[in-house]
Amino acid sequence: MAHSVSFVKTGVPGADTMLNGGIYPGSAVLISGPPGSGKSILGMQFVYAGAREYGESGLMMAIEETDMSLSEYAASLGLSEWDSLVKRGAISIVTDDYFSRLDLPGSLEGIMNIVTHTSATRMVLDSMNLFKYYFPDDMDRRRYMLKFIRILKRRGITSLFVSEAMEVFPRMELTDEMFMSDGNINLFLSRAGNNVERCFWVTKMRRQSFNMKIVPMSIGVGGIEVYPEAIPYSLSPEA
Ligand SMILES: Nc1ncnc2c1ncn2[C@@H]1O[C@H](COP(=O)(O)OP(=O)(O)O)[C@@H](O)[C@H]1O
Ligand SMILES: [Mg+2]
């Protein structure tokens, strides 16, 4: 008999359709793409929608933002309840304000402590560069990442990890993180002539089915919207 689980809704319009309902609970999903492709916005929307629409508290670790810049970014995107959700504790944020108060070993221990004790069921780490700063050695970094992911899984937290990728399509840069994660969502910019459009592409999702087509997306008020029925004009057979 099929065992039914309730999938974690990303809250990003159109994305849950591509994911056939959402993300398998407890998954660690990698969001890859070049600068400006929408990774940080996708992360913010995921915790925002969780807190606002689904009653799930979220933990947002944005290591290159401050509490203030994150709040301003949310406001500019029309995520108007961001500050009040943060104030209420429905969204917890860990930004550079946190890291700048601590030394290196202290902050590593600190974030382990946060994920071990958080009541959040959604987490975003923006970005994986955090591990690069702390662990220049690949094996050490891998070991720490696995430990981090293991804690999240044990606690049933569904997580998004943001990763910078220089190439996504048609050549994809394959990284360790892609093999270690349960899912891969790729965001990228595609060009035809001098037109550039935003694209959304799911390439891996363990324990679930999904739509692997490359579809267009946009960024505007409310954040990202994905268009599951549309074909990117730059990738259409006639282009
Ligand atoms: N308030 C906004 N309104 C409309 N578009 C925005 C807004 N803020 C950012 N964008 C678009 O989103 C892009 C950055 O998205 P972001 O998620 O921060 O990228 P990254 O993948 O580098 O994390 C910007 O280059 C811009 O095109
Ligand atoms: Mg970013």
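Below, the structure is looked at part by part. (Residues numbered from 1 in each chain as written. Chains lettered and ligands numbered in written order. Predicted model: local features only at pLDDT ≥ 70, side-chain atom pairs only at ≥ 80, totals over all residues.)

**Quick look at the overall build of the protein**
Counting its secondary structure elements, the protein contains 9 helices and 9 strands. Seen through its principal axes, the protein has C-alpha atoms that stretch 55 × 50 × 40 Å. Excluding contacts between residues fewer than 6 apart, the proportion of contacts in the protein whose partners are at least 24 apart in sequence is 67%. (Helix = DSSP H or I, 4+ residues; strand = E, 2+ residues; numbered from the N terminus. Contact = placed C-beta atoms within 7 Å.)

**As for the nonpolar core**
Formed by 61 residues in total, the largest nonpolar core has its most connected members in Ile-31, Val-47, Met-60, Met-123, Val-124, Phe-200 and Val-226. Counting residues per element, this core draws most heavily on helix H2 (residues 39-53), which supplies 8 residues. Leave out the neighbours within four places in its chain, and Ile-31 touches Lys-39, Leu-42, Gly-43, Leu-160, Phe-161, Val-162, Ser-163, Ile-185 and Leu-187. (Core = buried A, V, L, I, M, F, W, Y, C linked by C-beta atoms within 7 Å. Buried ≥ 20, exposed ≤ 12 C-beta atoms within 10 Å, placed from the backbone.)

**Quick word on the environment of Ser-6**
Looking at the element boundaries, Ser-6 is found in the segment before helix H1 (15-18). In the structure, Ser-6 is positioned 65 residues away from Ser-71 in sequence and 30 Å away in space, judged by C-alpha atoms.

**Points about the site of ligand 1**
Gly-33, Pro-35, Gly-36, Ser-37, Gly-38, Lys-39, Ser-40, Ile-41, Ser-76, Leu-77, Ile-219 and Gly-220 make up every residue found near ligand 1. When contributions to the shell around ligand 1 are tallied by element, the ones reaching two or more residues are H2 and strand S8 (215-220). Take the shell around ligand 1: its biggest share by element is 3 residues, from H2. Of the residues contributing to the shell around ligand 1, the split by class is 4 nonpolar, 7 polar and 1 charged. (Near = placed C-beta within 6 Å. Nonpolar A, V, L, I, M, F, W, Y, C, P; charged D, E, K, R; others polar.)

**A look at the environment of Val-221**
Among the secondary structure elements, Val-221 is positioned in the loop between S8 and strand S9 (223-226). By the C-beta count within 10 Å, which is 10 here, Val-221 ends up exposed. Between the C-alpha atom of Val-221 and that of Ala-75, which follows or precedes it by 146 residues, the distance is 9.7 Å.

**So, the sheet that holds S8**
An order of S3-S2-S4-S5-S1-S6-S7-S8-S9 is seen for the 9 strands of this open sheet, with the pairing classed as mixed. Where the open sheet ends on each side, the last strands, each with one partner, are strand S3 (91-95) and S9. On average, each strand axis in the sheet is tilted by 25° relative to the strand beside it, whichever way the strands run. When strand S2 (residues 58-62) meets strand S4 (residues 122-126), the two strands line up parallel, connected through 5 bridges. Counterpart to Ala-62 in the pairing with S4 is Asp-126. Against the sheet, H2 touches strand S1 (28-33), S2, S3, S4, strand S5 (158-164), strand S6 (183-192), S8 and S9, its axis set at about 160° to S4. (Pairing = 2+ DSSP bridges. Axes fitted to C-alpha atoms, helices over the stretch in contact; angles between N-to-C directions.)

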